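Given next are the chains, with one letter for each unit.
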Amino acid sequence: METISSVRGFKDILPGEVEKWRYAEEKAREIFSCFGVREIQIPILEKTELFQRGIGETTDIVEKEMYTFTDRGNESLTLRPEATASVIRAYVQHSLHAQDPVSKLFTIGPMFRRERPQKGRYRQFHQINVEFIGVGSPFMDAEIIILLMVLLRNLGIEGLQLELNSLGCPECRPAFRQTVTLFLRDRTEDLCEDCLRRRDTNPLRVFDCKVEGCRQVIAHAPQLLDFLCADCSAHFENVKEYLKIFDLPFEIKPRMVRGLDYYTRTAFEVTASSLGAQSAVAGGGRYDRLIAELGGPDIPGIGFAIGMERLVSLMPAANESFVQNPDIFIAALGDVPRLWAFALCNYLRMAGVRAEMGYDEKSLKSQMKRSDKLMCAFTLILGDREIQENKAELKDMKKGTQETIKLDNFDDIAEAIISKASGRNEEIV
Ligand code: AMP
């Protein structure tokens, strides 16, 4: 029969790879707890209006990348292309500001954008999102960037570059916008079709264009940093100063604008040249107007998103703790020993031991091979004689040594395996 494959740009994450994802998530959760960041879980589906209003009608995401459909109730719904708008929607809907003026939240999950799939770019991808809501101080900007870099470092990722810019505020951005529009008007013949449109609807979007001609135009465009008002300028200086306290090297990228309209002031990206064309592993920024724009109180926020696919591809491959191999394999020879093996195996699992067994009538050699393949620390061999004599051989698969253990008390066996396996783990460390 013909097979059915997954949808283009939608990827399976298979066992073997999934452990790396889990490891990254666990490390993230550990670090988040040190920074007082709490988890929030939000739906994958939202009203389309949320993203239109939150991200901006004239952004690439909203214009051409969203998975939007009309449901049976005639409502326009969208698979979330990013998490910030949803987190803020939940924050406002549940009046979280009334419970605590400062909220530090994280969420982990899939996002959907109908982009052209290529290496490092998928239509369903996953993000770790962090949002700090309620404080406008530059300490928050520095803290969230420090958190991001600590996490990436803890995952053993090297060769990263932190890029910073300031996108100003509603005070200083209009003058910049106007200057850019005039600048672009003089270069009409060098702009792509999209950018000709963007020039009038949302000129800052031109800064994101990947078309070579537009990139060359942008390389000479005015810079937002030259237009910052006194407050935005002081804010940016403080952020840089606080980052320097932690010896966090960064590069100022005066033409980095990021793909969403809601950013104000600090914008940042972390890139790794080893990722190739899709070099950004994480990005974020301050969004001091977004919460009010979504009907909430006029309070500031800042956040970032890490792309899981790119993150995992940057993590070093060899790390013992990614995969947890079984502690023990029970090789059974014959019907009665197999019944014993079944009882013992499940008993051990309930006691916290990672146990596996041979389910079919197979030779000892083939069962030992399976134990080896699963990389079990120990193998217990159970035959009729072992059951009769109430003792069996426990083989240490790494050392090749054997010892006899009694079978009359499963608790004792569990205890012995646990202490041996933890001794083994210490050896690995
Ligand atoms: P953004 O929400 O566009 O700022 O993206 C934040 C991070 O999500 C990026 O730095 C990437 O690591 C990741 N990301 C964004 N879009 C995709 C995609 N289509 N496929 C894989 N990862 C993505």
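Note: the structure precedes this text.
Before going into details, it helps to say that this report is about the structure given with it. Just so it is clear, the structure is predicted and the values come from calculations on it, not from any experiment.

## Thoughts on the pattern of salt bridges
If charged atoms from side chains of opposite charge come close, those side chains can pair.
Here comes step 1: This structure, assessed with the given rule, holds 27 salt bridges.
Here comes step 2: Between aspartate 194 and arginine 197 there is a salt bridge whose closest N-O contact spans 3.0 Å. Placement of both aspartate 194 and arginine 197 in helix 8 (residues 193–201) is noted, with a separation of three residues, approximately one turn of the helix.
Here comes step 3: A relative accessible area of 27% places aspartate 194 in the partly exposed class.
Here comes step 4: According to the relative accessible area criterion, arginine 197 is partly exposed, its value standing at 35%.
Here comes step 5: Here arginine 199 and aspartate 200 are joined by a salt bridge, their closest N and O atoms 3.4 Å apart.
Here comes step 6: Of the residues examined, aspartate 200 reaches a relative accessible area of 45% and is grouped as partly exposed.
Here comes step 7: Residues joined by salt bridges that share partners form a network here, namely Arg22, Glu25, Arg29 and Glu39.

## Focus: helix 2 (residues 48–55)
Here comes step 1: Taken together, the buried positions of helix 2 are Thr48, Leu50, Phe51, Gly54 and Ile55. Taken down its axis, helix 2 places every buried residue within 160° of arc, on the same side.
Here comes step 2: Its buried side turned inward, helix 2 meets strand 2 (45–47), helix 3 (60–65), strand 3 (67–70), strand 4 (76–79), helix 4 (84–93) and helix 11 (290–293).
Here comes step 3: Glycine 56 occupies a position one or two residues after helix 2 and carries a positive phi of about 115°.

## Topic: helix 1 (residues 18–34)
For the α-helix, the turn length of 3.6 residues means that residues three or four positions removed from each other point alike.
Here comes step 1: Taking 1.5 Å of rise per residue, 17 residues should cover 24 Å, and helix 1 covers 25 Å from first to last C-alpha, within 8% of that figure.
Here comes step 2: Taken as a whole, helix 1 has its buried residues at Lys20, Trp21, Tyr23, Ala24, Glu25, Lys27, Ala28, Ile31 and Phe32.
Here comes step 3: Of the surrounding elements, those touching the buried residues of helix 1 are strand 5 (103–112), strand 6 (124–133), helix 6 (138–154) and helix 12 (308–314).
Here comes step 4: Once helix 1 finishes, glycine 36 follows within two positions and takes phi at roughly 70°, a positive value.

## Some points on the nonpolar core
Here comes step 1: Core analysis: the largest hydrophobic core is formed by 53 residues, its most contacted members being Ile88, Tyr91, Ile133 and Ile291.
Here comes step 2: If you list the elements that add at least two residues to this core, you get helix 2, helix 3, helix 4, strand 5, strand 6, helix 7 (173–185), helix 9 (212–219) and helix 11.
Here comes step 3: Ranked by residue count, the leading element in this core is helix 4, at six residues.
Here comes step 4: Sequence-distant contacts of tyrosine 91, that is, excluding residues within four places in its chain, are made with Leu96, His97, Asp100, Ser103, Leu105, Ile133, Ile291 and Ile299.
Here comes step 5: In this structure, Trp21, Ile31, Ile146 and Leu148 belong to the second largest nonpolar core, which totals 47 residues.

## Some details on the packing of aromatic side chains
Here comes step 1: All chains considered together, the criterion is met by 10 aromatic pairs.
Here comes step 2: Considering the side-chain rings of phenylalanine 10 and tyrosine 67, the 5.9 Å spacing of their centres and the 80° angle between planes classify their relative orientation as edge-to-face. In this pair, phenylalanine 10 sits in the segment before helix 1 while tyrosine 67 sits in strand 3, placing the two residues 57 residues apart along the sequence.
Here comes step 3: Judged by its relative accessible area of 22%, phenylalanine 10 falls in the partly exposed class.
Here comes step 4: The lysine or arginine in question, lysine 104, covers the ring of phenylalanine 132, its NZ or CZ lying 5.1 Å from the ring centre.

## Quick notes on the pairing of strand 10 (residues 280–286)
Here comes step 1: Of all seven residues making up strand 10, six are buried, and the element is well covered by its neighbours.
Here comes step 2: The pairing of strand 9 (residues 264–272) with strand 10 spans six bridges and is classified as antiparallel. Within the sheet, the bridge partner assigned to valine 270 lies in strand 10 and is alanine 282.
Here comes step 3: Where strand 10 and strand 11 (residues 301–307) come together, five bridges link them in antiparallel fashion. Along strand 11, the bridge assignment pairs glycine 285 with glycine 303.

## Focus: the sheet that holds strand 4
Here comes step 1: Read across the sheet, three strands follow the order 2-4-3 without closing on themselves; strand pairing throughout is antiparallel. In this open sheet, the two edge strands, each paired with only one partner strand, are strand 2 and strand 3. Going from strand to strand, the sheet's axes swing by 35° on average, the running direction of each strand aside.
Here comes step 2: Bridge count between strand 2 and strand 4: three bridges; the pairing is antiparallel. Each residue of the ladder has a partner; that of lysine 47, found in strand 4, is leucine 77.
Here comes step 3: Together, strand 2, strand 3 and strand 4 form the strand contacts of helix 2, whose direction differs from that of strand 2 by roughly 75°.

The rules we used
Residues numbered from 1 in each chain as written. Predicted model: local features only at pLDDT ≥ 70, side-chain atom pairs only at ≥ 80, totals over all residues. Heavy atoms only, no water. Salt bridge = Lys/Arg side-chain N within 4 Å of Asp/Glu carboxyl O. Helix = DSSP H or I, 4+ residues; strand = E, 2+ residues; numbered from the N terminus. Buried < 20%, exposed > 50% of the residue type's maximum accessible area, 1.4 Å probe, protein only. Arc of directions from axis to C-beta. Contact = heavy atoms within 4.5 Å. Expected span 1.5 Å × (residues − 1). Core = buried A, V, L, I, M, F, W, Y, C linked by side-chain atoms within 4.5 Å. Phe/Tyr/Trp six-rings, centres within 6.5 Å; stacked < 30°, edge-to-face > 60°. Lys NZ or Arg CZ within 6 Å of the ring centre and 35° of its normal. Pairing = 2+ DSSP bridges. Axes fitted to C-alpha atoms, helices over the stretch in contact; angles between N-to-C directions.

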